[in-house]
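Working through the structure, step by step
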Amino acid sequence: MAQLYKFLILISLLPVLVQAQDQPVKPKKNKPERIIYRGKVVDTKGEPIPFVNVFMAKGKYGTTTDFDGEFVLKTRRKRGKITFSATGYQTKVIKIKPKIKYIKVVLPQEKNVLDEVVIVKRPKKHLGKKENPAYRILKQIWKRRKTNGLKQVPHYVYKKYETTEIGLNHLDTLFLKKLFKKDYAKMIKDLPYDDEGFHYYIPIYIKELVYDIYGNNQLGKERVDIEAEKSKGFYQQGFVFDRMANKFDEVDIYKNTFNLFNKPFVSPISKTGFDTYDYLLYDSIQKAGKKFYNIYFWPRRDEDLAFTGNFLVSDNNFAVTKIQMKLNKEANVNFVRGVNIEKEYTIVNDSIYLPKTDVFVGDFTLLDKNDKNKGLNIKKTYHYSDYDFKKTYPPDFYDQTIIKYAPNQFKKDSTYWQNYTALTNSQKTYRLIDQVKNKKRIKNINKWINILTTGYFDIGHHLQFGPLFQAIGRNGVEGLRLTAGIRTFKTNHDRFRFYGHLAYGTKDKRYKWGLQFKYLASYKPRIELGLNLSDDYVQQARSLMDVGQIMFIENLGANFPLSRGKNVFISRIQESSLKVDYRVAKNFHLGMIPSYKIIQPANHQLFSMDYLSGNQQIKTKVTDVGSDFYLTYTPGRDVYGLGVEQRYGKNPYPSFIINYHRGMKALGGDFDYDKLQFRYMQRVLLGKIGKTDVTIEAGKTFGTVPLALLNPIPANQILILKPNTFTLLNYYDFVTDTYLVGHFEHHFNGFILNRLPLIRKLKWRTVVAFRGAYGSISDANKAINRSNINYAAPTDQMYYEYSVGLENIGYGNLRFIRVDAVWRSDYTSVNGLHSPKFAIRLAFRPDF
C-alpha cells in the first residue's frame, strides 16, 4: 500500500512542482494551431472498415477508425499526406490541404486475400459460442495452446533485451517554457511528442537489461541470467520507478487470466472469454503463402477488466502471431488513463511461432482520465533474439543461476550496447535525460519527490531527518506524541545504515528513544548484521508476530487519534538486541535475534502487568533474555536493492514464516520458556471474480509466563480498518498461550456491481471478509496473573467477525474510501469493557 501512495505522489507532484518553482515568462511564438480532420473509411461495397490505421508524418500524428469506420485526426500540419492502412486491404495515401475538413476513403481488398474471406459485421447483440464464427478458431487455440511456441522443442536458448522508459506526457508549450526558460527554443527541437502527436513528452528515467534464457522442456526447468544492465535518470529513493514498471510483468495471453496492477485481467483467448468478450471474425488473409485469421474483440461491459483489440491466428497450427490490445478508459481501474499492449511472434522452421517483441505502455494520471491532464508514461519493451534449439546442458545447469548481489555487477561498455540501443533508439533518450536532469529546477523536483515518497529530507552530508509522517501521534498514555528522527543515506545500495529517533509525550512528559545500526557484512553470501538499543512504548496487542523487527516503529494502533475508548494498554519496552540474517537462497532467509528486554506498563496506574513470581512475590515488570530463530520463505517475491536495506514488490507471492523464541533464566531472564509461531500470507488471484487475501497464524507458548510474554488476540479499537486485526475486540479481551487465527478477505474487483446497469457507472466494488480466532490459556498461566486483565480465551467457541463492504468510493481516480459493515459472534468481555456487536468502519486505501 505504501508503494502505491508513493506512486500517486509521484504522478501528482511532478508537474505541480515544476510550475510552482517558476515565475511567468514572456510568451514566445507558439506552435501552429491544431487542425482536425474527420472522415470515414469504407470498402468497395460501402461497408465501414473498423480499426484502420490513419496517420501522417511517419506516424507522428495518428489514430484509428472506430467500428463505424469513422476517425478524427488531430495534427499541426496544414499540408501533407495521410496514410490509411488495414490488414487485408490495400494501403492508400492521399494529399490534404487546410480547406479539406472531411475525407471519405475507399480501401479495396488486397489481391492476395482469399476468395473465401468471411466478413462478419459487428453484432448488435452478444453472439453465443455456436453462433459466432470465431468460436471454431478459438477452440483450436485452446486445444493447442500448451504445445505452441517454445513448448514444441525439447530445449532452447535465447536472449531477451528489456527496456523500461518513464517520462512526463501531455506537456504543453506553456509548461515547457516555465521549465526551460532561456533554453526553451533549444530544447523544444529535441523533445518528442507523446502518442497523440501534439503534446510533448519528457523522459526522466531509462533502464536496459539483457538476459540469457536457458530452458529444458523435458525437465520442466528454465534458467534466467542477467548479462548486462544500465540505467539513467531521476535518482529514486526506494526504487519507485522500478517497482512501478514491474506492474507490467510479461503478459501470457495463453493463460485464462494475467496479472496487471495486481488485478486479474481476462485474456482475449481465455477459455472463458465469451463471458467477458464479444468476438468478430473479420477476415482471413494470405501472407507469404500462409493463411491467417483476423479476429477483433471488445469487452461486453466497458467497466470489466478486459481489452479491445485484434489478433492474427495461423491456420496451420492455430498459433497467435500478433496481438494488439488496449484498455478501455471506462474500465474499473484507477489512475490508469490508458494501457496498450502489443505482442508479435516470429516463425521458425516453418511452423514454430516464437516471441519477437512485446511492448507495454501505461499512461497514469491522478485526478481523472481526462486527456488534458499531465501524466506519467511507463513503457516497457522486450526484444527476443538468437534462438538456438541445438545447445544442451547437464540437468544441474538449470538449477544454477547468476544472482545479482552488488551494484554495477553487470556493467558493460558502450560498444556492447550499440547493437541493442539501435532497436529502441535509446541513445536519444539518454541524451535528453542528461539535458533535463542537470537543470536546477529538475533537481529540486527530484528532491521534493524523495521527501514526499520517503518522509526524509537532507540535513547534512549523507544525513536525513524524518520520517515526517510519524512526527505526530496521540494515545491515552502520552497524550500528544512528538517524534523526531534521523538516518544516514547516501544511495539505495548503502551497506551501512543508522537510524535514531527521540519522542516526547505531552501528557506523561517522558522522553523515549531508539538507536539502530545495520550493516551488510557480505554480498555473497548475503549476511546482514543489526544492533538495536531502545526505550520506547509499543502496543503489544496489535499483532501476534513481528519477525525481524528489532526496533520500535510507531504503530497506528497506539497513536491514532480516532478510537473506541481510551488506549491505555501500552507497554514500555527497554530493549538491546542483535540481528544476524543469512540468505540461503533467493527469498529464503534464516536469522537469529538475541535480545535483552525489560517489559512493563507505560502507565502503572492505568494498566497493570503484575504477576506472581516463583518466590511468591508480586512483580510489576518482566526481564526477558533469550533469542529468536526465524525462517522466512517468500517464493516469487520481487526484491529491489543490493544494500543492507531492500524493498519488496507487491506481486502476489506466498509468504511463510516460522519463528522460535527461547527465553532463559540462566542469562538473567525471569522465565525459562519456549514459543513457536507460524504465519502464512498470500494474495490469491481468482480470475475475473477477483482476489482473496489470506493470512493464517498459529502459535504455542511452552512454560508458565506472565501477561507480557503471552499472545493477546490482535484487537483494533481505532475507527479505521486495520489488516489482520479484529475490529470489534478490545485490547486484551482474549489472552492465549495457544492460538490459531485466520483472516480471509475477498475483493470482487467490480465482478458483481459491473453487471448492474445503473450502479456500474459508480465503479464501486464489493468486498467481503471473515476473521476467526481460536485459542486457549493454561491454568498455570492464569494462576500467576495479578494484572488488571482477566484472562479469557476463545476455547469453547471460536470468536469470529464477518463483514460486507463497498470500496473504490470517490470521484474520478480519487477512490480511496472503503466502508464496511462488521458483525461479530457473541461474547462478553471478562474485563467489563463494552464492545459493539455491529459497527460501520472506514478505510482509506488507494488501489488501482
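Each chain has its residues counted from 1, following the order in which its sequence is written. Thresholds applied to this predicted model are a pLDDT of at least 70 for local features of residues and 80 or more for the giving and counting of side-chain atom pairs; totals over whole chains, interfaces and linings are not thresholded and use all residues. Note that the side-chain values use all heavy atoms of the structure and ignore hydrogens as well as water.

**What to know about the confidence of the model for the chain**
Here the chain shows a mean pLDDT of 83. Residues at 70 or above account for 87%. Contacts from residues 549-558, a stretch scored under 50 in pLDDT, to residues over four places away or in other chains number 39 contacts. As a per-residue measure, pLDDT tells how confident the predictor is, with possible values from 0 to 100. We call two residues contacting when some pair of their heavy atoms lies within 4.5 Å.

**Description of the sheet that holds strand 1 (residues 35-42)**
Only strands that DSSP links by at least two bridges are regarded as paired with each other. To qualify as a helix, a DSSP run of H or I must reach at least 4 residues; to qualify as a strand, a run of E must reach at least 2; elements of each kind are numbered from the N terminus. Taken in spatial order, the 3 strands make up an open sheet running 4-1-7, and their pairing is mixed. Edge positions in the sheet fall to strand 4 (70-75) and strand 7 (102-106), since each has one partner strand and no second. Strand-to-strand twist of the sheet, defined as the mean angle between neighbouring strand axes without regard to direction, takes the value 25°. Relative to strand 7, strand 1 is paired through 5 bridges, and the arrangement is parallel. Residue Val-42 lies in a different strand from strand 7, and its bridge partner there is Val-106. Working convention: axes come from line fits to C-alpha atoms, limited for helices to the stretch in contact. Angles between N-to-C directions cover 0 to 180 degrees.

**Looking at the nonpolar core**
Judged by nonpolar contacts, the single largest core of 81 residues is most densely connected at Ile-141, Leu-176, Phe-307 and Phe-311. In terms of residue count, strand 9 (residues 200-216) provides more of this core than any other element does, 7 residues in total. For Ile-141, the contacting residues outside a window of four places in its chain are Tyr-254, Ile-269, Phe-311, Val-313, Phe-318 and Val-320. Take the buried residues of types Ala, Val, Leu, Ile, Met, Phe, Trp, Tyr and Cys, join any two whose side-chain atoms come within 4.5 Å, and each joined set is a nonpolar core. Each residue is assigned to one of three classes by its accessible area relative to the maximum for its type, calculated with a 1.4 Å probe on protein chains only: buried under 20%, partly exposed between the two thresholds, exposed over 50%. Counting residues in each nonpolar core, the second largest holds 44 residues, with Ala-715, Leu-728, Ile-777 and Tyr-827 among its members.

**So, the sheet that holds strand 2 (residues 53-56)**
Here 4 strands make up an open sheet; going across it, the order is 3-2-5-6 and the pairing antiparallel. Of all the strands in the sheet, the pair left with one neighbour each is strand 3 (61-64) and strand 6 (92-96). Direction aside, the axes of adjacent strands within the sheet are offset by 20° on average. Bridge analysis of strand 2 against strand 5 (residues 80-85) gives 4 bridges, and the strand direction is antiparallel. Bridging from a neighbouring strand, Phe-55 pairs with Thr-83 of strand 5.

**Section: unusual backbone geometry**
A cis amide bond links Gly-466 to the next residue, Pro-467, at an omega of -10°. The topology assignment puts Pro-467 in the loop between strand 21 (463-465) and strand 22 (472-475). Pro-525 follows Lys-524 through a cis peptide bond whose omega is 0°. Mapped onto the fold, Pro-525 is located in the loop between strand 25 (511-522) and strand 26 (527-538).

**Some thoughts on helix 8 (residues 426-437)**
Helix span, as expected, comes to 1.5 Å for every residue beyond the first. Along its 12 residues, helix 8 runs 16 Å from first to last C-alpha, staying within 8% of the 16 Å computed at 1.5 Å per residue. When helix 8 is considered as a whole, its buried residues turn out to be Ser-426, Thr-429, Tyr-430, Leu-432, Ile-433 and Val-436. For helix 8, the buried positions fall inside an angular range of 165° around the axis, keeping them on one side. Directions drawn from the helix axis to the C-beta atoms are what define this arc.

**Some remarks on the packing of aromatic side chains**
The rule is short: rings of Phe, Tyr and Trp, with Trp giving its six-membered ring, pair when the centres are within 6.5 Å, and they are stacked under 30 degrees, edge-to-face over 60, tilted in between. Under the criterion given, the structure shown has 44 aromatic pairs. Considering the side-chain rings of Tyr-158 and Tyr-387, the 5.1 Å spacing of their centres and the 35° angle between planes classify their relative orientation as tilted. In this pair, Tyr-158 sits in strand 8 (residues 155-171) while Tyr-387 sits in strand 19 (residues 375-388), placing the two residues 229 residues apart along the sequence. Note on Tyr-158: relative accessible area 10%, which makes it buried. Between Tyr-800 and Tyr-802, the aromatic rings sit 6.4 Å apart at their centres with planes inclined by 25°, giving stacked as the arrangement. Using a relative accessible area of 27% as the deciding quantity, one classes Tyr-800 as partly exposed.

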